[in-house]
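# Structural overview for review
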Amino acid sequence: MIRTLGRWLAVALLALAPLSAARAQLTIEIVGGAATAIPIAIVPFDAEATWPLGISDIVGADLSRSGLFRLVNTDGVVPRPAQAQDVQPAVWRARNADAVVVGSMRPLPDGRVDVRFALVDVVKQTTLASMAFTVTQAQFRATAHKIADVIYEKLTGDPGVFSTRIAYVAKQGRRYQLMVADADGYNPQTIVSSNEPLLSPRWSPDGTQLAYVSFESKKPVVYVQSLTTGQRRAVANFRGSNSSPAWSPDGRKLVVTLSKDGGSQVFLMNPDGTGVTRVLTSQSIDTEAMFTPDGQSLVFTSDRGGTPQIYRANLLTRQVQRLTFDGSYNVSPRPLPNGKGIVFVHRESGRYEIASLDFATGQMQVLTSGPGDESPSIAPNGKMIIYADEAGGRGTLAAVSSDGRVKQRLVAPSIDVREPAWGPLPRQ
Amino acid sequence: MRKLHLFLIALIATALVGCSTTPTTEAPVVDKTATGAAAGASGAETAGTGAGGVSGSATSAEMAALHDPNSILSKRSVYFDFDSFVVKDEYKPLVEAHARFLQQHPDMKMTIQGNTDERGSHEYNIALGQKRADAVKRMMVLLGARDSQIETVSFGKEKPKNPGHDEAAWAENRRDDIVYAGE
């Protein structure tokens, strides 16, 4: 079972600038941990104190937040190693560390900074990674996330997601803001704001555009907005309701729910608003469609069987198969990136919980305890699921590992945050 | 139980503002009032109706009935049971009155806005609200209103009339609202 782990991390921001974006800053606390966290020592980088913002602390925070790592105290190790060959394995084994991260920072004549790091396996006594970056001070956070990604991948075998971004909707009073922030909650930026609801942000696979639903014209309309230029357009604004956008894996199609022909039905369209074609036909509600990673099928919610359940439709054969049978309310399916299952919202005794379903075994696993959990979104490495806990009407973002062991809470003081969407891995 | 460690990293906002890793541009703020929005996006649907209300066959007395508290036409809300799309008998006179009004005034148009209580998925609730709006429309069309006179839309659970979190609030939020074009 999940141990109540006392590891707790808060990243606080002293908001000096009176920006609403700054107030929407999220902080993250870990409320559970993996049974076997990897003990890792992250030595402060040589000369790091020259700059107000260091790198090693951010690397440590990233790794620690994943729940898969336990930070080993580095105090009192003299001299402090700064490169791989300086690491004395016995010293770190005595502190029960399996791995050690060392690094250095050197100012360059042009004002930029040379950042180097190495990851040493002190059990096998080998250097697993060593890299150098030339960056500006403004890129320190991004560099730290990149280093954390490398360490995460070397030690767990899965790509790290510390350099990704998340989108979410913040509500303050009547004001809705669609925000994009770094995966650790930093650098929140307002993408669009409105006095009417905004919901269902969905990242294009290349991370350059967001599709979302806006009520600004007193009904749900689907917009696509560029994150680089800020330009946006209403791509589905038909008679009736237009909602639930999602991108195809190649970014060339959107799947949407439209009521223009009666009922809520699933359509495909080009992201510029052209080429609208119906893909599913039923006398029931069909909505919340998402492409499977191979692009060949859709998973969606339908009440065709009397209660809302999750189905899969093959886009070629048009064959539809019911996927969920446990309980009377299973909605919001999100395909796992490995194509082996879905994460969704499951209702049990009036509680809304995040659950996963493995296609091969048909096994459902409940990952959270509710009572108001919804809008799950899976990290691009498939290891974490971010979701909104909307119990009591005020939304908080939370995350759970795909095995249910690690739990995090992302706290934004005094604002209501909901509808998280985890962005793709950055293009290399 | 392990000891509680607390890492607190305080960072100065000014050091962060403006140093994002990827530039994102804020779209022009959309801050439309009810009337501004109606003129804006439902454009094609509503453009002709404002004029229709004025130059159509409805007399000003008939139009006034829409807002006369003594007229059933001033009643605009239909409430639903939990998980239900059935228009209850007590709302049938109201639906019939509006259907008759639309039949008698072919240039009048309305929007039926479906709503749900706060429980469950945002998107699934949009579909549920749509189904409720469609149920009232279907009844009105059977009673003589034209399909083209009625647009059905859904607010899902996004615009609760009662912001509470109990059964009384939920009952108030499981609702269709009837809004005539130009109102």
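Residues numbered from 1 in each chain as written. Chains lettered and ligands numbered in written order. Predicted model: local features only at pLDDT ≥ 70, side-chain atom pairs only at ≥ 80, totals over all residues.

## Looking at the overall build of chain B
Going by this rule: A run of H or I in DSSP becomes a helix once it reaches four residues, and a run of E becomes a strand once it reaches two; helices and strands are each numbered from the N terminus. Whether a residue is buried, exposed or partly exposed follows from its count of other C-beta atoms within 10 Å of its own C-beta, namely 20 or more, 12 or fewer, or something in between, respectively; the C-beta atoms are built from the backbone. Here, residue contact means that the backbone-derived C-beta atoms of the two residues sit within 7 Å.
Summing up its helical and strand segments, chain B has seven helices and five strands in all. Counting helices and strands in the order they occur from the N terminus, chain B gives β-α-α-α-α-β-α-β-α-β-α-β. Looking at chain B as a whole, 39% of its 183 residues qualify as buried. When contacts within chain B are restricted to residue pairs at least 6 apart in sequence, long-range pairs at least 24 apart make up 73% of them.

## A word on the domain arrangement of chain A
All names here are of chain A. Spelled out, the test is: Boundaries of every domain are those given by an automatic assignment or by a domain database. Throughout, the ten residues Ala, Val, Leu, Ile, Met, Phe, Trp, Tyr, Cys and Pro are labelled nonpolar, Asp, Glu, Lys and Arg are labelled charged, and all others, Gly among them, are labelled polar.
Here chain A is described as being made up of domain 1 (34-156) and domain 2 (165-422). At the interface, seven residues of domain 1 touch six residues of domain 2. Top element by residues in the side of domain 1 that touches domain 2 is helix α2 (residues 56-65). It accounts for three residues. Among the residues making up the side of domain 1 that touches domain 2, the classes are represented as three nonpolar, one polar and three charged.

## As for the pairing of strand β6 (residues 113-121) of chain A
All names here are of chain A. Note the cut-off: Whether two strands pair comes down to DSSP finding at least two bridges between them.
The pairing of strand β5 (residues 99-107) with β6 spans nine bridges and is classified as antiparallel. Looking across to β6, one finds that S104 is bridged to R116. From the end of β5 to the start of β6, which pair antiparallel, there are five residues, and G111 there has a positive phi angle of about 95°. Direction of pairing for β6 relative to strand β7 (residues 126-135): antiparallel, over a ladder of nine bridges. When the bridges of β7 are listed, V120 appears paired with T127.

## Topic: helix α4 (residues 140-156) of chain A
Residues and elements named next belong to chain A. Put simply, the rule is: To estimate how far a helix should reach, multiply one less than its number of residues by 1.5 Å.
Helix length check: α4, at 17 residues, gives a terminal C-alpha distance of 24 Å against a target of 24 Å (1.5 Å per residue), a fit within 8%. Buried residues dominate α4, accounting for 14 of its 17 residues. At the exit of α4 stands G157, carrying a positive phi of roughly 90°.

## Quick word on the sheet that holds strand β16 (residues 254-258) of chain A
All names here are of chain A. Reading across the sheet, the four strands line up as β15-β16-β17-β18 and stay open at both edges, with antiparallel pairing between neighbours. Strand pairing shows two members of the sheet lacking a second neighbour, β15 (242-247) and β18 (277-278), which therefore form its edges. Bridging between strand β17 (residues 265-269) and β18 involves two bridges; their strand directions are antiparallel. Paired with L268 across the two strands is T277, which belongs to β18.

## Details of the nonpolar core
Quick note on the threshold: In plain words, the nonpolar core is the set of buried Ala, Val, Leu, Ile, Met, Phe, Trp, Tyr and Cys residues that C-beta atoms within 7 Å link up.
Grouped together as the largest cluster of nonpolar side chains are 119 residues, with contacts concentrated most on V100, V101 and I385 of chain A. Examining the composition of this core, we find that eight residues originate from one element, α4 of chain A, more than from any other. There are two domains that each give this core at least three residues, and those are domain 1 (34-156) and domain 2 (165-422) of chain A. Setting aside chain neighbours within four positions, we find V101 of chain A in contact with I40, I42, V43, V59, F117, L119 and I151 of chain A. Core analysis: the next-biggest nonpolar cluster, separate from the first, contains 20 residues, F101, I112, A133 and V153 of chain B among them.

## Quick notes on the sheet that holds β5 of chain A
Residues and elements named next belong to chain A. What counts is decided by this rule: For every element, the axis is a line fit to its C-alpha atoms; helices are fit only across the contacting stretch, and the angle between N-to-C directions ranges from 0 to 180 degrees.
Strands sit in the order β4-β3-β5-β6-β7 across an open sheet of five strands; the sheet is mixed. The open sheet has two edge strands, β4 (69-72) and β7, and neither has a second partner. Mean inter-strand twist for the sheet, computed between neighbouring axes without regard to direction, equals 25°. Packing of α4 onto the sheet brings it into contact with β3 (38-42), β5, β6 and β7, and relative to β7 it is tilted by some 165°.

## A look at α2 of chain A
By the criterion of burial, α2 of chain A is predominantly enclosed, with nine of the 10 residues buried. Listing the buried residues of α2 of chain A in full gives S56, I58, V59, G60, A61, D62, L63, S64 and R65 of chain A.

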